[in-house]
Amino acid sequence: MALSTNDAFAAAGRARGRRRGGRSRRGALSEINVTPLVDVMLVLLIVFMISAPLLTVGVPVDLPKTEAGSLQDQSEPLTVSIRADGSIFVKEDPVPFADLSPRLHEMAGPDTSKPLYVRADGKAAYAVVAQVMAALSTSGFTAINLITDTGGPSSGAKTASAPRPRGAPAEAGAQ
């Protein structure tokens, strides 16, 4: 039986089609597997989320909580920290109260309008915090900010609540 030229080309096309139609075992994989990339990125994200809070100023203080929002970060601010025992730190270095103003002027240079952040422990004596802020104000610093933690008690502003049914007792303390 003799094959015509059309039959020979048709048989070769079927053989090629079978090989190209399905995936061969030896063929190169043309898709990129992104699963390892996603795994690495998630690990890096977790590492940065854990290490970011540790990059703050190294003096441990327990900041009081308020409902005020946080400030936008700026480049290397001047910070004064006051511990619960009344000890004063400029950045991470302990400083006696008498040397506080000269030390800050030395660090700030001629620019006393540079923001200055005061971080006082919630258990620190009010008198010490007031004395430090007064000393900073009288020494020429104009942008003194008091740092607090967010999420504390509200300032007393009441939020809108559901109306009270008739005859229901009033809230405790409301008259």
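All values derive from a computational prediction rather than experimental measurement.

Engineer: Describe in detail the overall build of the protein, supporting the description with residues and values.
Structural biologist: Looking only at helices and strands, the protein features 4 helices and 7 strands. Along the chain direction, N to C, the helices and strands of the protein fall in the order α-α-β-β-β-β-α-β-α-β-β. Across the 175 residues in the protein, those meeting the buried criterion constitute 17%. Across the protein, the fraction of contacts at a sequence separation of at least 24, relative to all contacts at a separation of at least 6, is 71%. Surface exposure of the protein reaches about 13600 Å², of which carbon and sulfur atoms provide 59%.

Engineer: Give me the lowdown on the nonpolar core, citing residues and values where you can.
Structural biologist: Generally speaking, a soluble globular protein has its nonpolar side chains buried in company with each other. Grouped together as the largest cluster of nonpolar side chains are 17 residues, with contacts concentrated most on Val80, Ile82, Leu100, Leu104, Leu116, Val132 and Leu136. When contributions to this core are tallied by element, the ones reaching two or more residues are strand S2 (78–82), strand S3 (88–90), helix H3 (100–108), strand S5 (116–120) and helix H4 (126–138). Each residue touching Leu136, except ones within four places of it in the same chain, is listed here: Leu100, Leu104, Leu116, Val118, Phe141 and Ile144.

Engineer: Help me get a handle on a nonpolar patch on the surface, residues and values and all.
Structural biologist: Taken together, the side chains of Ile32, Val34, Leu37, Val38, Val40, Met41, Leu42, Leu44, Leu45, Phe48 and Met49 define a hydrophobic patch exposed on the protein surface, amounting to about 1100 Å² of accessible area. Assignment of secondary structure puts Leu44 in helix H2 (residues 35–51). Classification of Leu44 as partly exposed rests on a relative accessible area of 38%.

Engineer: Mind laying out H4, listing which residues take part and the relevant values?
Structural biologist: Helix length check: H4, at 13 residues, gives a terminal C-alpha distance of 18 Å against a target of 18 Å (1.5 Å per residue), a fit within 8%. Within H4, burial applies to Val129, Val132, Ala135 and Leu136. For H4, the angular spread of the buried residues around the axis is 130°, confining them to a single face. Summarising the geometry of H4, the exposed residues directed more than 90 degrees from the buried face are Tyr126 and Thr138. Of the surrounding secondary structure, the elements contacted by the buried residues of H4 are S2, S3, H3, S5 and strand S6 (144–147). Remark: Gly140 follows H4 within two positions and exhibits a positive phi of approximately 110°.

Engineer: If you had to explain the pattern of salt bridges to someone new, which residues and values would you point to?
Structural biologist: For the structure shown, the criterion picks out 1 salt bridge. Its salt-bridge partner being Arg103, residue Asp93 comes within 3.0 Å of it at the nearest N-O pair. Residue Asp93 is located in strand S4 (residues 93–94), and its partner Arg103 is located in helix H3; the two are separated by 10 residues in the primary sequence. Overall, Asp93 belongs to the partly exposed group, its relative accessible area being 38%.

Engineer: I'd like a description of H3, backed by residues and values.
Structural biologist: Since one α-helical turn is 3.6 residues long, residues separated by three or four positions face the same way. Residues Leu100, Ser101, Leu104 and Ala108 constitute the buried set of H3. Angularly, the buried residues of H3 cover 90° about the axis, an arc narrow enough to put them on a single face. Residues of H3 that are buried sit in contact with S2, S3, S5 and H4. The first or second residue beyond H3 is Gly109, which carries a positive phi of 75°.

Engineer: Could you give an account of the sheet that holds S3, naming the residues involved and the relevant values?
Structural biologist: The strand order across the open sheet formed by 5 strands is S4-S3-S2-S5-S6, and the pairing between neighbours is mixed. The open sheet has two edge strands, S4 and S6, and neither has a second partner. Set on the sheet, H3 makes contact with S2, S3, S4 and S5; between it and S3 the angle comes to about 15°.

Calculation criteria
Residues numbered from 1 in each chain as written. Predicted model: local features only at pLDDT ≥ 70, side-chain atom pairs only at ≥ 80, totals over all residues. Heavy atoms only, no water. Helix = DSSP H or I, 4+ residues; strand = E, 2+ residues; numbered from the N terminus. Buried < 20%, exposed > 50% of the residue type's maximum accessible area, 1.4 Å probe, protein only. Contact = heavy atoms within 4.5 Å. Areas by Shrake-Rupley, 256 points an atom, 1.4 Å probe, with all protein chains shown as cover. Core = buried A, V, L, I, M, F, W, Y, C linked by side-chain atoms within 4.5 Å. Patch = residues over 30% accessible without salt bridge, like charges linked within 9 Å, V, L, I, M, F, W, Y side chains within 5 Å. Salt bridge = Lys/Arg side-chain N within 4 Å of Asp/Glu carboxyl O. Expected span 1.5 Å × (residues − 1). Arc of directions from axis to C-beta. Pairing = 2+ DSSP bridges. Axes fitted to C-alpha atoms, helices over the stretch in contact; angles between N-to-C directions.

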